[in-house]
Amino acid sequence: LPGEKLFGTLSKAGYDSADDSWRASSAVAGRMGDTFVLLQGGFRSGHELDNEGDVGGTGDARTKTNPADYDQYDFLLKLAQRFDGGHRIGLTGELFNRDETEDNKVGQTGSYQIGNYDTGEEVDRKRVSLSYDFTSPDRRDVLDQANVIAYWQRQTLNNTVDAIRDPDPRGFAPGGQYYAQPFGTYKRDNELEQTSYGLQGDAKKLLDTGGSTGGTTHTVRFGGEVYRQDTTQYSDGEDNCPDVDWTTIPQPYGPQTCRFLHTNASDMPDVESLAFGFYVEDEIGTADGRFSLTPGVRFDWYEHKPQETSDYVNGPNFDGTMPDSTSDSKLSPKLRATWHATPELDVFGQWAQAFRAPSATELYQDYGAPGSYARVGNPDLKTETSNGFEIGAKLNRRDFGGSVTGFYNFYKNFIDEVQLAPPGGDYPIGGVIGYENRAHVEIYGAEASGYWNVTERWRTWASFAWAVGRDTDADEYVNSVPALRAILGLGYATEQWGADASITAAAARDDVSDGGFEAPSYEVVDLTAWWKPAFVPGAMIQAGLFNVFDEKYWNALDVPDDTAAIREDYYTEPGRSFRVTLTHQF
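Below: a short report on this structure. (Residues numbered from 1 in each chain as written. Predicted model: local features only at pLDDT ≥ 70, side-chain atom pairs only at ≥ 80, totals over all residues. Heavy atoms only, no water.)

**Observations regarding a nonpolar patch on the surface**
- Together, Val148, Leu199, Val226, Phe276, Phe278, Val280, Val297, Phe299, Trp301 and Leu331 give the surface a local cluster of nonpolar side chains, amounting to about 770 Å² of exposed area.
- Listing elements by their share of the nonpolar patch, those giving two or more residues are β10 (270-286) and β11 (291-307).
- For Phe276, the position within the fold is in strand β10.
- For Phe276, a relative accessible area of 37% translates into the label partly exposed. (Patch = residues over 30% accessible without salt bridge, like charges linked within 9 Å, V, L, I, M, F, W, Y side chains within 5 Å. Areas by Shrake-Rupley, 256 points an atom, 1.4 Å probe, with all protein chains shown as cover. Salt bridge = Lys/Arg side-chain N within 4 Å of Asp/Glu carboxyl O. Helix = DSSP H or I, 4+ residues; strand = E, 2+ residues; numbered from the N terminus. Buried < 20%, exposed > 50% of the residue type's maximum accessible area, 1.4 Å probe, protein only.)

**Quick notes on the packing of aromatic side chains**
- Scanning the entire structure with this criterion turns up 17 aromatic pairs.
- Look at Tyr302 and Phe355: their rings are 6.1 Å apart centre to centre, the planes differ by 50°, and that puts the pair in the tilted class. With Tyr302 in strand β11 and Phe355 in strand β13 (residues 345-356), the pair connects residues that are 53 residues apart, well separated along the chain.
- The buried category is assigned to Tyr302, whose relative accessible area is 4%. (Phe/Tyr/Trp six-rings, centres within 6.5 Å; stacked < 30°, edge-to-face > 60°.)

**A few points about the pairing of strand β2 (residues 21-32)**
- Pairing of strand β1 (residues 7-16) with β2, which is carried by ten bridges, proceeds in the antiparallel orientation. Note that in β2 the partner of Ser11 across the bridge is Ser26.
- Where β1 hands over to β2, the hairpin turn is made up of four residues, of which Asp20 adopts a positive phi near 50°.
- Where β2 and strand β3 (residues 35-47) come together, eleven bridges link them in antiparallel fashion. For Met32, the partnering residue across the bridge sits in β3 and is Thr35.
- Counting the residues that bridge the hairpin from β2 to β3 gives two residues, and of these Gly33 lies at a positive phi of roughly 65°. (Pairing = 2+ DSSP bridges.)

**So, the nonpolar core**
- Leu192, Met268, Val271, Ala360, Leu363, Tyr364, Tyr367, Tyr373, Leu381, Ile415 and Tyr435 form the largest nonpolar core, which has eleven residues in total.
- Broken down by element, this core gets its largest block of residues, three residues, from helix α2 (residues 360-364).
- Each residue touching Leu381, except ones within four places of it in the same chain, is listed here: Pro358, Glu362, Leu363, Ile415, Tyr435, Glu436 and Asn437.
- Counting residues in each nonpolar core, the second largest holds nine residues, with Ile429, Ala519, Trp554 and Tyr570 among its members. (Core = buried A, V, L, I, M, F, W, Y, C linked by side-chain atoms within 4.5 Å. Contact = heavy atoms within 4.5 Å.)

**Looking at the layout of surface pockets**
- In this structure, the largest pocket spans a volume of roughly 1,500 Å³.
- Taken together, 48 residues make up the lining of the largest pocket; nearest its centre are Ile429, Gly430, Asp558, Pro560 and Tyr571.
- Of all the secondary structure elements, the ones that give two or more residues to the lining of the largest pocket are β5 (87-103), β6 (112-135), β7 (145-165), β15 (373-376), β17 (400-421), β18 (431-452) and β20 (476-477).
- Looking at the lining of the largest pocket, the element that brings in the most residues is β17, giving four residues.
- Along the lines of polarity and charge, the residues of the lining of the largest pocket split into 15 nonpolar, 14 polar and 19 charged.
- Taken as a whole, the second largest pocket spans an internal volume of roughly 610 Å³. (1 Å grid on protein atoms, 1.4 Å probe; cavity = no way out; pocket = protein on both sides within 12 Å on 5 of 7 lines; lining within 4 Å. Points joined across faces, edges and corners; volume = space filled by probe spheres on them. Nonpolar A, V, L, I, M, F, W, Y, C, P; charged D, E, K, R; others polar.)

**Quick word on the environment of Tyr571**
- Residue placement: Tyr571 occurs in the loop between β24 (539-546) and β25 (577-585).
- Residues Tyr571 and Asn437, 134 residues apart in the sequence, show an inter-C-alpha distance of 27 Å.
- If we ignore the near neighbours within four places in the chain, the residues touching Tyr571 are Pro423, Pro428, Ile429, Gly430, Trp554, Asp558, Val559, Pro560 and Thr563.

**Focus on unusual backbone geometry**
- Of note, the phi angle at Asp20 is positive, near 50°, even though the residue is not glycine.
- Accessibility expressed as a relative area gives 37% for Asp20, which makes it partly exposed.
- Non-glycine residue Asp475 carries a positive phi angle of around 55°.
- Its place among the elements puts Asp475 in the loop between β19 (458-471) and β20.
- By relative accessible area, Asp475 is classed as exposed at 57%.

Geometric descriptors of this kind do not, in isolation, establish any biological role.
Shown next, in the form of structure tokens:
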């Protein structure tokens, strides 16, 4: 609602051939005096994301994507009331849901009847927040700007299995008293839920201690957050496994799969998490505005407390003792220097310490579903800390500009996601994933971007990012760091239409530790265009052709470690696809 506009709408609809999906969304906004309201909703429905695999069938050798269907929707309601003196209060409610079901042909390795093995994943999020914003009209107030948000949020992740298992006579013990291999109807609903509520805010005040007389200016910024998060997990299901204490039964009779495919229990304790953080910094500038020095400090504290529940105590992962609670705190200083060489050019350097607490799921989560992947927690994880250094420059002119930054970060107790078991068996897609601390890790590299408005209608742009990560103790590469990637684009635009062409290129990623995927280099060309028809005011048509030359390539970070060569094509990115979007704004 720009200016004094009282009512407005924005509607979009589109199609994407990469997953054969249709989507539509619409927003309506209005105002009455100083009261504002916005209502937005969207829906998307599609199928599996295409890849470059060409082997069908079932089992580990399949490289085509599993057939899938998904529905996704979101709603947003915002209310805001403005008051004299620069005050504004807002209330926001959000809903998001994505529900996907796969005909899991990759996971049909012998235990499941062909055509009767569906897996699914549902993500659901609900959030309500109350905000207060303040901007001083004349800078005569105690603060120039302030913002506070109080929120409640619940996120739920469900992994499901709906299948029929074939019988296996190896499951019988002598006399038939135990059947360790489930058969017939087999259902699972593994749920992970996190409920969070907290308060966060920030403020700013500009102080002039001399101005043109040779003094300095001080821009003081401070803020913080405090929140509580409750995490709970439960595996619900249906099968014909006997209701026995499997931890007391020896395993001489076949695989005893029921011991590991347990259900109606929690694989992890409930976790109560508390966290607090506060920062303050002072940007000290010279009177002429050419130089500024910004010292700052942040304090963080957290605590994760596992809670004993009957669902966990009676589950198979309980060994008689509860995992330990964990907590830590740290004061993290920083110092940044900026030289305003010209009105368009800034040169800067910064040193900053950082503090990253392990999450409740990284510590305690045991979660997943047969046929897809599993994630297991590591209750011995330590807090990750780091020292970071960067130096760079930014140029912002109407005709051309850009930025360049070099960085070096040294980590202690770096929290890394690692492959504990390769894809295969009960977890054919992602294997078993866990977390570990690497005692000493260094990550260094450079980033750059730039643009050039050649004429009023022609423009070009480019960017690149390069990073290297190494475990300095083990003298090996960190596989969670991507290879060098660059983008180069050229565009043409008038008032009514425009077109862009871009090429995205990545170097080969062959500097990996044992088991890491050595992704080959690639170059992908994309073409996009837009048109605003004069006979339909407010309308715009956008269209794009992506991966024009049908390049077969991988995003290395999406490929699990230790993936067998026969399975690599399963993780390829989509081939040639197109997308079209219709937009109307009133």
